[in-house]
Structures are given as structure tokens and as C-alpha cells.
Amino acid sequence: PTLEKELLPLYFGWFLAKRDQDYLRKTSHEFLEQLGNIKAFKKRLQPYGCEEKQKLDLLKYFAKSPNILHCTTKFCDYGKVLGSEEYAQQEAVKKAYSRGYTLHISALFATPRTVGAQVELTSDQLLIWPPDAEKEVMPKDTFPRGSRAHITLGTAADVQDVQTGIDLLEIVKLQQSGREWESLGELAGPVAGKVSYYENGMWMLNLARKIEVKSIFSGYYG
Ligand code: A2P
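Report on the accompanying structure. In this text the structure is predicted, and so the values were computed from the model without any measurement. Counting restarts for each chain, with residues numbered from 1 along the sequence as it is written. Note on the predicted model: pLDDT of at least 70 is required for a residue's local features to be given, and 80 or more for side-chain atom pairs to be given and counted; whole-chain, interface and lining totals, by contrast, use all residues. To get the side-chain values, take all heavy atoms of the structure and skip hydrogens and water.

## Some thoughts on the pairing of strand β1 (residues 11-16)
Short version of the rule: Partly exposed residues are those whose accessible area sits between 20% and 50% of the maximum for their type, while under 20% is buried and over 50% is exposed, using a 1.4 Å probe and protein chains only. For the purposes of this entry, the term helix denotes a DSSP run of H or I that reaches at least four residues, the term strand denotes a run of E that reaches at least two, and both are numbered from the N terminus. In this analysis, strands are considered paired if DSSP registers two or more bridges between them.
Buried residues dominate β1, accounting for six of its six residues. Of the strand pairs in this sheet, β1 and strand β2 (residues 70-75) are connected by five bridges, and their pairing is antiparallel. Directly across from Tyr11, in β2, lies its bridge partner Phe75. With six bridges connecting them, β1 and strand β8 (residues 203-220) associate as antiparallel partners. By the bridge assignment, Trp14 is partnered in β8 with Phe217.

## As for the site of the ligand
Quick note on the threshold: Here, proximity means that at least one heavy atom of the residue falls within 4 Å of the molecule or strand. Identification of polar contacts relies on pairs of N or O atoms within 3.5 Å, with a donor-acceptor requirement for protein atoms, meaning one able to donate a hydrogen and the other able to accept it, and with residues adjacent in sequence counted only if both atoms are side-chain atoms. What sets the accessible areas is the Shrake-Rupley method with a 1.4 Å probe; for residues, cover comes only from the shown protein chains. Residue type decides the class: Asp, Glu, Lys and Arg count as charged, Ala, Val, Leu, Ile, Met, Phe, Trp, Tyr, Cys and Pro as nonpolar, and the leftover types, Gly among them, as polar.
In the region of the ligand, the neighbouring residues are Leu10, Tyr11, His70, Thr72, Phe75, Glu136, Arg148, His150, Thr152, Asp161 and Val162. Here Thr152 contributes a side-chain N or O atom positioned 2.7 Å from an oxygen atom of the ligand. The protein chains hide 75% of the 540 Å² of surface that the ligand would expose on its own. For the shell around the ligand, the elements supplying multiple residues, two or more each, are β2 and β5 (150-155). Sort the elements by how many residues they give to the shell around the ligand and β2 lands first, with three residues. Of the residues assigned to the shell around the ligand, the class counts are four nonpolar, four polar and three charged.

## Concerning the packing of aromatic side chains
Put simply, the test is: For Phe, Tyr and Trp, where Trp contributes only its six-membered ring, two rings pair if their centres lie within 6.5 Å, and the inter-plane angle classes them as stacked under 30 degrees, edge-to-face over 60, or tilted in between. Each ring is checked for a lysine NZ or an arginine CZ that lies within 6 Å of its centre and within 35 degrees of its normal; such an atom marks a charge sitting over the ring.
A complete count under the given rule lists 15 aromatic pairs for this structure. Aromatic pair Phe41 and Trp203: ring centres 5.3 Å apart, planes at 50°, arrangement tilted. In this pair, Phe41 sits in helix α2 (residues 39-42) while Trp203 sits in strand β8, placing the two residues 162 residues apart along the sequence. The pair Phe41 / Trp203 is uniform in exposure class, with both members buried. Its guanidinium or amino end placed over the ring of Tyr197, Arg44 lies 5.4 Å from that ring's centre, counting from NZ or CZ.

In C-alpha cells:
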């Protein structure tokens, strides 16, 4: 009998448990509501295509949100992406498949294109993080491994989800540049922490208390 070929997924990643997805979506809304209300943000609406005196509803602005909140490790496009077969065949990846992981969210960020959560990978999680994930999208820069790890929370109209990780790397790059980034405000409650502004409409909230979410490492076949 002939065995069917093993199928590669659209992507591999950590998929959040239902309760934690609901919690993170609520937290994301809280973040956008509070961010949209701070004075410093209202003064910098132009990158979002708004005049200073206009009202901007960030919840509406980020019109799209992924069906399942997740942190992508490797985008394979069912095997069309170079290196996806090699990735899937790694012992570490096979061993991790269908196992539970706790993801640590250290920051939330918003740009004119995307809103997302920065994920701090543990050494265990880095074992299944592709070594070229950062170079793939920003070949000229050097980043600590795992810098691109994120959860897409929402995108503006006509923006693809893949943009979220690129936006995160833009912010990390500016953080690495050695320039001083003053905090322009503070949020409260479940999103307590300092908010920094990084030019061109890019904002990041450093969470005073990291958010932990439960997830399962798996493949998404669509
Ligand atoms: P992200 O991980 O930032 O959310 P799509 O629905 O566009 O096919 O994408 C499915 C998932 O794969 C999304 O989570 C998306 O982005 C991610 N993704 C899409 N394209 C790429 C890519 N070229 N590199 C890495 N991740 C990608």
C-alpha cells in the first residue's frame, strides 16, 4: 500500500487556549482604548491619517483580527516556502508538536498598520524558533534570536498579518539604536505600564506585569 505524503501546514505556531484568547482580546481592546485617550497620542494622529482635532476610534481602525490568536514560528505555505520541510523534520519540532507551552507577553504595540503583543521566548521555546526568522524580513540588521516573536492582535484595512512581526522588529531596531526614548504616558489597570513613542506612529506599552497565556504548539492547515 502507498502511504500518503506527510502534509506541511500553512504555518507552525503556538495557539492560545480559548480562555486566554478571550482574555488577550479584551486586554488588547483596553490597551487601544487607553492609548487612544492619552494626550500624547491625540497630538500624534497624523500617521494614522487623522488631523489633530479629529476623533480616532482605534478599535474600528484595526478592523481585522485573526480567527485564532497565535504566535507563528514558521510560515510554510503548505511546503512552498523554502526550508519548511527541513523545519518540520527537526527532532525538536517533532517533539514539541501538540505540547503545551506558556507564552510570556512583555509588551503591547500599535503602529498605523498593526497592533500586536511582543512575546519573550524561553530557551525551550527558542529551540523551535527558526534561526533565520529575523533575517528573513530584515536582512540588513542583526537582532537577538526571537526578536520577531509576536501575536498579531489586529490589522488596519488592507494590511496583511505578516506585517505585525516586521513592525515589531522596526521598534526593536529603534530601541537598539541607543537613542533615548522618553515615556509619553502611563496606562492603568490590566494594561498598567509605561508607553513609549518611536516616531512614525509607532507606540509600545511596556507591561508592568507580564501577561502569561497558555498555548499548544501545532500546525495550522486552514
Ligand atoms: P503573523 O504571524 O504575523 O500573524 P495568512 O493568513 O496571511 O496566510 O497568514 C497566516 C499566518 O502566517 C499569520 O499568522 C501570518 O502572520 C503568518 N505569516 C504570513 N506570511 C508570513 C511570512 N511570509 N512569514 C512569516 N509569517 C507569515
